[in-house]
Amino acid sequence: MSFSPPDRAKLLAVVVAVIGVAYPFIVYAAMGRVPAGALVLLALILAGARLVMVRGGAIAGMLAPPLVLVLVGTAALGLVNGQWGSLGYPVLMNLAFAFAFGWSLRRPPSLVQVFASRAEPDPSPRAIAYMRKVSALWCAFLMVNALVTLALALWAEVAVWALYTGLISYLLMGVLFAGEWLVRRHVRRAEQAMP
């Protein structure tokens, strides 16, 4: 059975997403049982796969540089201390995406506008302003998430770090997505009602 390139890309995206979500629990289960370098290698593979996934797309210029920094940062931490590298990877990912959202506010279009361009290729000025606000919100959320993840990596048990990074932070992201979706619907209705 062979996969076409688009099918391979979709399969890679699913595999990376599943392993990415499971990563904190893998670290928790493996810490002390496997060499820390193996966990750092897994983090590097995940970051590298994400880099491959954005390569060549419209978003590559915005996400590739921060992902390269995640690769370099994770490798550097891993060389100093394997546990630091494996626990620091989610911190670096949050910082990388926060940087991408923040940088896109300085150099438009905003990252949210780039994501939305498939469904809405020619947004109104009001929609562009709204998407900038959403990009700023994601930037702030990811910065706070990075700080919480860092604090847990430094001062909490690995189980608490894994619970937060592998479950709670994703639940918070889901709440943010859902809240933004509800606000977006309201904004669209208000825009359509305008003369």
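Located above this text is the structure these notes cover.
Report follows, based on the coordinates. Quick caveat, the model's predicted, so the values are computed rather than measured. As a convention, each chain's residues are numbered from 1 in the sequence order in which they are written. Local features in a predicted model are, by the rule used here, given only for residues with pLDDT of at least 70; side-chain atom pairs are given and counted only at 80 or more, and totals for whole chains, interfaces and linings are based on all residues. Based on all heavy atoms of the structure, the side-chain values leave hydrogens and waters out of the count.

## Re the overall build of the protein
Selection rule: Each helix is a run of H or I in the DSSP string that is no shorter than four residues. Each strand is a run of E no shorter than two, and both are numbered from the N terminus. Just to be clear, the radius of gyration here is over C-alpha atoms, and the globule rule we use is 2.2 Å times residues to the power 0.38. For the exposure calls, accessible area comes from a 1.4 Å probe over protein chains only, and a residue counts as buried if that area is under 20% of its type's maximum, exposed if over 50%, partly exposed in between. Contacts: residue pairs with any heavy atoms within 4.5 Å of one another. For the accessible areas, the method is Shrake-Rupley and the probe is 1.4 Å, while residue cover comes only from the protein chains on display. His is not counted, nor are the chain ends; Lys and Arg add positive charge and Asp and Glu add negative charge. Charge positions are represented by NZ for Lys, CZ for Arg, CG for Asp and CD for Glu.
Along the protein, the regular secondary structure elements total seven helices and zero strands. In sequence order, the protein lays out its α and β elements as α-α-α-α-α-α-α. A compact globule built from 195 residues should have a C-alpha radius of gyration of about 16 Å, and the protein, at 18 Å, falls within 12% of that. Its C-alpha atoms give the protein principal-axis dimensions of about 65 × 45 × 30 Å. Here the protein, with 195 residues, has 37% of them falling under the buried criterion. Considering only contacts in the protein between residues 6 or more positions apart, those separated by 24 or more positions represent 67%. Carbon and sulfur atoms make up 72% of the accessible area of the protein, which totals about 11500 Å². In the protein, 15 side chains carry a positive charge and 6 a negative one; their mean positions are 3 Å apart.

## Here's the deal with the nonpolar core
This is how it is decided: Here, nonpolar core refers to any group of buried Ala, Val, Leu, Ile, Met, Phe, Trp, Tyr and Cys residues whose side-chain atoms link them within 4.5 Å.
If you look at the biggest cluster of nonpolar residues, it comprises 43 residues, and the most contacted ones within it are Tyr23, Tyr89, Trp138 and Trp161. Sorting the residues of this core by element identifies α1 (5-30), α2 (36-54), α3 (60-80), α4 (82-106), α5 (111-116), α6 (125-155) and α7 (158-193) as the ones contributing at least two each. For this core, the element with the most residues is α6, which contributes nine residues. Excluding anything up to four places from it in sequence, Trp161 contacts Tyr23, Pro24, Val27, Ser86, Leu87, Pro90, Thr149, Leu152 and Ala153.

## Things to note about unusual backbone geometry
Most peptide bonds take the trans configuration, and most residues that are not glycine carry a negative phi. Note that the residue after Pro108, namely Pro109, is joined by a cis bond; omega there is 10°. In this structure, Pro109 sits in the loop between α4 and α5.

## Thoughts on the packing of aromatic side chains
Stated precisely, the cut-off is as follows: Classification of ring pairs uses Phe, Tyr and Trp, with its six-membered ring standing for Trp, and accepts pairs whose centres are within 6.5 Å; under 30 degrees between planes counts as stacked, over 60 as edge-to-face, and the remaining range as tilted.
Throughout the structure, instances matching the rule amount to six aromatic pairs. Plain terms: the ring middles of Phe101 and Trp138 are 6.4 Å apart, the flat faces sit at 20° to each other, and that makes the pair stacked. Of this pair, Phe101 sits in helix α4 while Trp138 is found in helix α6, placing the two residues 37 residues apart along the sequence. For the residue pair Phe101 and Trp138, the accessibility class agrees, reading buried in each case. One aromatic cluster is present, built from ring pairs that chain together Phe101, Phe115, Trp138, Phe141 and Phe177.

## Brief notes about the pattern of salt bridges
How we decide: By definition here, a salt bridge exists when the distance from a side-chain nitrogen of Lys or Arg to a carboxyl oxygen of Asp or Glu is within 4 Å.
Taken as a whole and judged by the stated rule, the model has one salt bridge. Residue Arg184 pairs with Glu180 through a salt bridge whose shortest N-O separation is 2.8 Å. You can see Arg184 and its partner Glu180 sitting in helix α7, four residues apart, about one turn around the helix.

## Thoughts on the side chain of Asn145
Looking at the secondary structure, you find Asn145 in helix α6. Contacts of Asn145, omitting those with residues within four sequence positions, involve Asn94, Tyr164, Ser169 and Met173.

## Structural notes on α3
Stated formally: Each helix should span, by expectation, one fewer than its residue count multiplied by 1.5 Å.
A rise of 1.5 Å per residue sets the reference length of α3, with its 21 residues, at 30 Å; its end C-alpha atoms lie 30 Å apart and thus fit the reference within 8%. The set of residues buried in α3 consists of Ala60, Met62, Leu63, Ala64, Pro66, Leu67, Val70, Gly73 and Thr74. Lining the buried residues of α3 we find α2, α4 and α5.

## Side note on α2
Because the α-helix completes a turn every 3.6 residues, residues three or four places apart line up on one side. Helix length check: α2, at 19 residues, gives a terminal C-alpha distance of 28 Å against a target of 27 Å (1.5 Å per residue), a fit within 8%. Those residues of α2 not exposed but buried are Leu39, Val40, Leu42, Ala43, Leu46, Ala47, Ala49, Arg50 and Val54. At the C-terminal side of α2, Gly56 shows a positive phi close to 85°.

## A look at the packing of α6 against α7
A pair of packed helices is characterised by two quantities: the angle between their axes and the separation of those axes. Stated formally: Orientation is described by axes fitted as lines to C-alpha atoms, over the contacting stretch for helices, and by angles from 0 to 180 degrees between their N-to-C directions. Reported orientations rely on four angle classes, namely roughly parallel under 35 degrees, roughly antiparallel over 145, roughly perpendicular from 65 to 115, and oblique for the rest. Here a crossing is taken to be left-handed if its near helix is turned anticlockwise relative to the far helix by less than a right angle, and right-handed if that turn runs clockwise. Three residue categories are used. Nonpolar comprises Ala, Val, Leu, Ile, Met, Phe, Trp, Tyr, Cys and Pro, charged comprises Asp, Glu, Lys and Arg, and polar comprises the others, including Gly.
Put simply, α6 and α7 touch, their axes get as near as 11 Å, and they point 165° apart. Here α6 is positioned roughly antiparallel relative to α7, judged by the angle of their axes. In the crossing of α6 with α7, the sense of the turn from one axis to the other is right-handed. Taken together, the residues that form the contact of α6 with α7 break down as 19 nonpolar, four polar and four charged.

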